[in-house]
Amino acid sequence: MDEVEDVKQYRIFSADGDVLIRDMEDSDLMAIHDWMTVEEYKPFIRVEPNAKPISSVDEIPEEDTVIRPVVVYRGETQGWISFVPDIADPTAGEVGIFMGVKENWGKGIGPKAMRMFLDILFKEEGIRVVFITTQDWNDRSKRMFDKLGFREAGRLRKMEVDPNRPGEYGDLVMMDVLREEWLDQGSGGE
Ligand SMILES: CC(C)(COP(=O)(O)OP(=O)(O)OC[C@H]1O[C@@H](n2cnc3c(N)ncnc32)[C@H](O)[C@@H]1OP(=O)(O)O)[C@@H](O)C(=O)NCCC(=O)NCCS
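Let us look at the structure shown here. On a predicted model such as this, the values are computed, not experimentally measured, just so you know. (Residues numbered from 1 in each chain as written. Predicted model: local features only at pLDDT ≥ 70, side-chain atom pairs only at ≥ 80, totals over all residues.)

## A word on the site of the ligand
For step 1, the next point in the chain: For the ligand, the set of nearby residues contains 22 residues, the closest of which are M99, W105, G110, D139 and R143.
For step 2, the next point in the chain: For the shell around the ligand, the elements supplying multiple residues, two or more each, are strand 5 (92–99), helix 4 (109–123), strand 6 (129–135) and helix 5 (139–147).
For step 3, the next point in the chain: For the shell around the ligand, the residue count by class is 9 nonpolar, 8 polar and 5 charged. (Near = placed C-beta within 6 Å. Helix = DSSP H or I, 4+ residues; strand = E, 2+ residues; numbered from the N terminus. Nonpolar A, V, L, I, M, F, W, Y, C, P; charged D, E, K, R; others polar.)

## Side note on the pairing of strand 8 (residues 169–178)
For step 1, the next point in the chain: When strand 6 meets strand 8, the two strands line up antiparallel, connected through 7 bridges. Looking at strand 8, one finds that T133 is bridged to M174.
For step 2, the next point in the chain: Looking at chain direction, strand 7 (residues 151–161) and strand 8 are connected through 7 bridges and run antiparallel. Residue pairing for strand 8: R151 is matched across the bridge by D176. (Pairing = 2+ DSSP bridges.)

## A look at the pairing of strand 3 (residues 69–73)
For step 1, the next point in the chain: Extensive coverage of strand 3 is indicated by the burial of 4 of its 5 residues.
For step 2, the next point in the chain: The sheet contact formed by strand 2 (residues 19–23) and strand 3 spans 5 bridges and is antiparallel. Considered in strand 3, the bridge of L20 is made with V72.
For step 3, the next point in the chain: Pairing analysis gives 4 bridges linking strand 3 to strand 4 (residues 76–85), with the strands arranged antiparallel. Across the sheet, V70 pairs through a bridge with W80, a residue of strand 4.
For step 4, the next point in the chain: Here strand 3 folds back onto strand 4 in antiparallel fashion, the turn holding 2 residues, of which R74 has a positive phi close to 50 degrees. (Buried ≥ 20, exposed ≤ 12 C-beta atoms within 10 Å, placed from the backbone.)

Structural data, given as C-alpha cells:
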C-alpha cells in the first residue's frame, strides 16, 4: 500500500481515523499560499505571504530545526502545524496551527491533529514544554488548547486590533503545557 511506503520517508507521521499529520510536501505549497492571501484569514496568520508561491519545501526560509507538518483530512490537505524551538533551549518552544478549509472548522480536526503532534513532541522529540500565543478574541483556539490541557501563562495587553471590536485593541494570550502534565493527563485528556 502506498501509504505504508510513504510513512517511512516522513519525520513526522501520525494518523487518527480520517485525520493525519505528515511532513509538508511540494504539492501542499499552492494551497498554503492561497490561504495566506485570503483577507478573512489575515488576523490569524500575522505574517505577510510571499508574492508568489514557492515551488519546493526546500525554499522555505527558516531554520531547519522548525518542525512544520501539514494536517490532512480524508486525503485533502487542510492546514499546517508548527513547532518553533526556543533559541536558548530547543527542548522548549512555541506551537501554532492554521486550518485553511473553513467549512471544516468545528469538526474536531484541529484538536485531533494538535493532539497527535504534541504526543510526538513530548514522547519522541524530547520536548519539555510547549506554549502558544493566541488572540484573546479567538475563543475557538483558546477552547481547543484549554481542552488539550494548556493553561493561561500570561498575556500581552492591547497588542493587536480586535477584529470583533473595531477601533479597539485586544490582548495576546499565552498558554502552556509541560510534558509531565501532558503525560499525566494521558495525551491531552483522551
Ligand atoms: C483554531 C483551529 C485550529 C481549531 O480547529 P477546528 O478543527 O476548527 O477545532 P474545533 O472547532 O472542531 O474544536 C475546537 C473547540 O472549540 C470549540 N469552539 C468553536 N468555536 C468556539 C467559540 N466561538 N467559542 C468557544 N468555543 C468554540 C469547539 O466546539 C471545540 O470544542 P468542543 O470539542 O468542546 O466542541 C481552527 O479553527 C483554525 O485553524 N482557526 C484559524 C487559525 C487559528 O485560530 N489558529 C490558532 C492560533 S494559535
